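# Fold and geometry: a report
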Amino acid sequence: MASPGVASPSADEQVLEQPVLGSRRLSNLLVAAAVSIGGIGFVLTSASSRFGRDLLPIGHPAALVWVPQGLVMGLYGVAALLLATYLWLVISIDVGSGLNRFDRKAGEARISRRGFRKLIEVVIPLREIQAVKVEVRDGLSPQRRLALRVQGRRDMPLTRVGEPMPLADLELAGARLARFLGVPLEGL
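Now for a description of the structure that goes with this document. (Residues numbered from 1 in each chain as written. Predicted model: local features only at pLDDT ≥ 70, side-chain atom pairs only at ≥ 80, totals over all residues. Heavy atoms only, no water.)

### Considering the overall build of the protein
- Looking only at helices and strands, the protein has three helices and nine strands in total.
- Secondary structure elements of the protein, listed N to C terminal, follow the sequence β-β-α-α-β-β-β-β-β-β-α-β.
- In terms of C-alpha radius of gyration, the protein reaches 23 Å, well past the compact-globule figure of 16 Å for 188 residues.
- Taken along its principal axes, the extent of the C-alpha atoms in the protein is 70 × 35 × 30 Å.
- Here the protein holds 188 residues, and 34% of them are scored as buried.
- Taking the intrachain contacts of the protein between residues at least 6 apart in sequence as the baseline, contacts between residues at least 24 apart amount to 51%.
- Put simply, the protein shows about 11200 Å² of open surface, and 61% of that area lies on carbon and sulfur atoms. (Helix = DSSP H or I, 4+ residues; strand = E, 2+ residues; numbered from the N terminus. Rg over C-alpha atoms; globule rule 2.2 N^0.38 Å. Buried < 20%, exposed > 50% of the residue type's maximum accessible area, 1.4 Å probe, protein only. Contact = heavy atoms within 4.5 Å. Areas by Shrake-Rupley, 256 points an atom, 1.4 Å probe, with all protein chains shown as cover.)

### Structural notes on the packing of aromatic side chains
- Summed over all chains, the structure comprises two aromatic pairs.
- Lying over the aromatic face of tryptophan 66, arginine 50 brings its terminal NZ or CZ to 5.5 Å of the ring centre.
- Just above the ring of phenylalanine 180 sits the side chain of arginine 104; from NZ or CZ to the centre is 4.0 Å. (Phe/Tyr/Trp six-rings, centres within 6.5 Å; stacked < 30°, edge-to-face > 60°. Lys NZ or Arg CZ within 6 Å of the ring centre and 35° of its normal.)

### Some words on the pattern of salt bridges
- This model, assessed by the stated rule, comprises nine salt bridges.
- As a salt-bridge pair, glutamate 108 and arginine 110 come within 3.0 Å of each other at their nearest N and O atoms.
- Under the relative-accessibility criterion, arginine 110 is labelled partly exposed at 30%.
- Lysine 133 is the partner of aspartate 155 in a salt bridge, and the nearest nitrogen-oxygen pair spans 2.9 Å. One end of the pair, aspartate 155, is in the loop between β7 (143–150) and β8 (156–157); the other, lysine 133, is in strand β6 (residues 129–137), and 22 residues separate them in sequence.
- For aspartate 155, a relative accessible area of 23% translates into the label partly exposed.
- Put simply, Lys133, Glu135, Arg145, Arg149, Asp155 and Glu186 are held in one network by salt bridges that share partners. (Salt bridge = Lys/Arg side-chain N within 4 Å of Asp/Glu carboxyl O.)

### Let's talk about the pairing of β7
- With eight bridges connecting them, β6 and β7 associate as antiparallel partners. The residue bridging alanine 131 from the neighbouring strand is arginine 149, located in β7.
- The hairpin formed by β6 and β7 contains five residues between the paired strands, and glycine 139 there has a positive phi angle of roughly 135°.
- Where β7 hands over to β8, the hairpin turn is made up of five residues, of which glycine 152 adopts a positive phi near 75°. (Pairing = 2+ DSSP bridges.)

### Details of unusual backbone geometry
- Of the consecutive residues valine 67 and proline 68, the connecting peptide bond is found in the cis state with omega at 10°.
- Of note, proline 68 is situated in helix α2 (residues 66–93).
- In this structure, aspartate 94 is a non-glycine residue whose phi angle is positive, near 65°.
- Its location among the elements puts aspartate 94 in the loop between α2 and β3 (98–103).

Given below as structure tokens:
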């Protein structure tokens, strides 16, 4: 299996598949873990303040006044735990993962992504694909993505959301896909 976003043609050169990485990334796992630990810490601090006993091994949260400090810490903790629950749910479902499948024999491209409740799948006839577009935008929120320019529709994104792909991988994947589909490569 090829690295995410890099095309890997099959032996008969009739099918090209590109796996797409979803939300199961190290960065998402680290953020979810940090929010979970922080939320538990705030809730334990609030409980320590309420019951007058230190439930954390560091500091002296029992010394906090319950109203307003302990109460506010508890609200922050509950909010953080709700956010952490959402993040762990997104990671466990692996929202955004999927496959780009281009089949010459069937004459279609199937773009599938995992959503919250169901699999989202778009089928595009290969004859409607006009070009493969490489979009590179640097700055505060850099964006590097591959998209299909489709006749009569908006551009169809093909690469993962979030972390930008290395420029060399993006160019290689775009060139392979354009060559496979027999369409021009735009944006370089």
